[in-house]
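# Structural description and commentary
One letter stands for each residue in the lines below.
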Amino acid sequence: AAEQQPLKDHPRNRIQLFGKFSVLDREGEEIAPLFTPKIKQLFLLLLIHSSRGGKGISSNALTEQIWGGEASSKNSKSLRSVSILKLRKILERLDQVEIRFTSNRYLLQFAGSVSCDYLHCLKLLEGPINDRTTLEQLITILSQGEVFGEESYAWLDDTKSYICNSAVDLLTRFIPHYSMETESDKLIRLADQILRNDPCNEEALICKVQALMQQNHTKSARYTYQRFTSLYEELYGEPFPKSFEAILSANGSGEASA
């Protein structure tokens, strides 16, 4: 894959898969509307199987995932060929993303100056992330919304879970690196991202409530706690075991640490 740069530096040659699907070509023109539902499905399937150490996807597996049960084998092959041709035509507008076919497997290859938030996120999660600047890049990507947010294919679930769980683990580890006294706003942003991916994360609750209290936002802190406990009870069928006062005094805040 290409060296992935932060999205804000790419007003062109940019693929966004977190939140709203967006593709800017080399001229900076939005070409997402060119991706019909089937073409978009084909693109995402190729991308998933070409990242995280993937070696691409076989012709049969690709056909089965997208056209399985829809048409005869011969017709499916024809639909696959036409769709790949259409996708190649669209991708020609970027510098550059190519569909390679080797050893009976289709592989998506990124080169040149194309930026993809999904690939950049994977690179960050595979880390290690040791500094705040890199962490901020990750938070910027995650704050755009859920990865593949507009799609709900079963074959995307594993990747969605991997990104969600890895992000939560990483962001949680960074809570102690911020000072509750001087960086409460950053701790709230961090906690919000964790809770977006893991709504019942206790460490994020402690972090957010204590940071809001640090800013004297008592009402917001209580509302955050109440919303968390309601969701907890809804999901687990039992009350959240800790009181608001216990969360306030819990050790797990963003005290700066070595």
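Counting starts from 1 at the beginning of each chain's written sequence and moves along it residue by residue. Reporting in this predicted model follows two pLDDT cut-offs: at least 70 for local features of residues, and 80 or more for side-chain atom pairs to be given and counted; totals over whole chains, interfaces and linings ignore these cut-offs and use all residues. Only hydrogens and water are removed before side-chain values are computed, so all heavy atoms of the structure are retained for them.

## So, unusual backbone geometry
Glycine aside, residues mostly have negative phi angles, and peptide bonds mostly take the trans form. Rules: A run of DSSP states H or I qualifies as a helix once it reaches four residues; a run of E qualifies as a strand once it reaches two. Both are numbered from the N-terminal end. For each residue, the accessible area found with a 1.4 Å probe, counting protein chains only, is set against the maximum for its type, and the residue is called buried under 20%, exposed over 50%, and partly exposed in between.
For the bond running from Asp-95 to Gln-96, omega is -10 degrees, close enough to zero to count as cis. Considering the arrangement of structural elements, one finds Gln-96 in the loop between helix 3 (73-91) and strand 4 (97-102). One non-glycine residue, Phe-148, lies in positive phi territory at about 50 degrees. Structurally, the position occupied by Phe-148 is in the loop between helix 5 (132-142) and helix 6 (157-174). Its relative accessible area of 3% is what places Phe-148 among the buried residues.

## Quick notes on the sheet that holds strand 6 (residues 115-116)
Basically, it comes down to this: Any two strands between which DSSP finds at least two bridges are classified as paired.
Read across the open sheet, the 3 strands follow the order 2-1-6; overall the sheet is mixed. Both outer strands of the open sheet, strand 2 (22-24) and strand 6, are each paired with one neighbouring strand and no more. Across 3 bridges, strand 1 (residues 14-16) lies against strand 2 in antiparallel orientation. For Ile-15, the partnering residue across the bridge sits in strand 2 and is Val-23.

## With respect to the environment of Lys-55
Heads up, the rule is: Contacts are assigned to residue pairs that have any heavy atoms within 4.5 Å of one another.
Relative to the helices and strands, Lys-55 is located in the loop between helix 1 (37-50) and strand 3 (57-58). A residue is classified by how much of its surface remains accessible, and Lys-55, at 66% relative accessible area, is exposed. It is 8.4 Å that separates the C-alpha atoms of Lys-55 and Tyr-106, two residues lying 51 residues apart in sequence. Residue contacts for Lys-55: discarding those within four places in its chain leaves His-49, Arg-105 and Leu-107.

## What to know about helix 2 (residues 59-67)
To keep things clear, this is the line we draw: Think of the arc as the fan of directions from the helix axis to the C-beta atoms.
Listed as buried for helix 2 are Ser-59, Leu-62, Thr-63, Ile-66 and Trp-67. All buried residues of helix 2 lie within an arc of 95 degrees about the axis, which places them on one face of the element. Across helix 2 from its buried face, at more than 90 degrees, point the exposed residues Asn-60 and Glu-64. Where the residues of helix 2 are buried, they touch helix 1, strand 3, helix 3, strand 4 and strand 5 (105-110).

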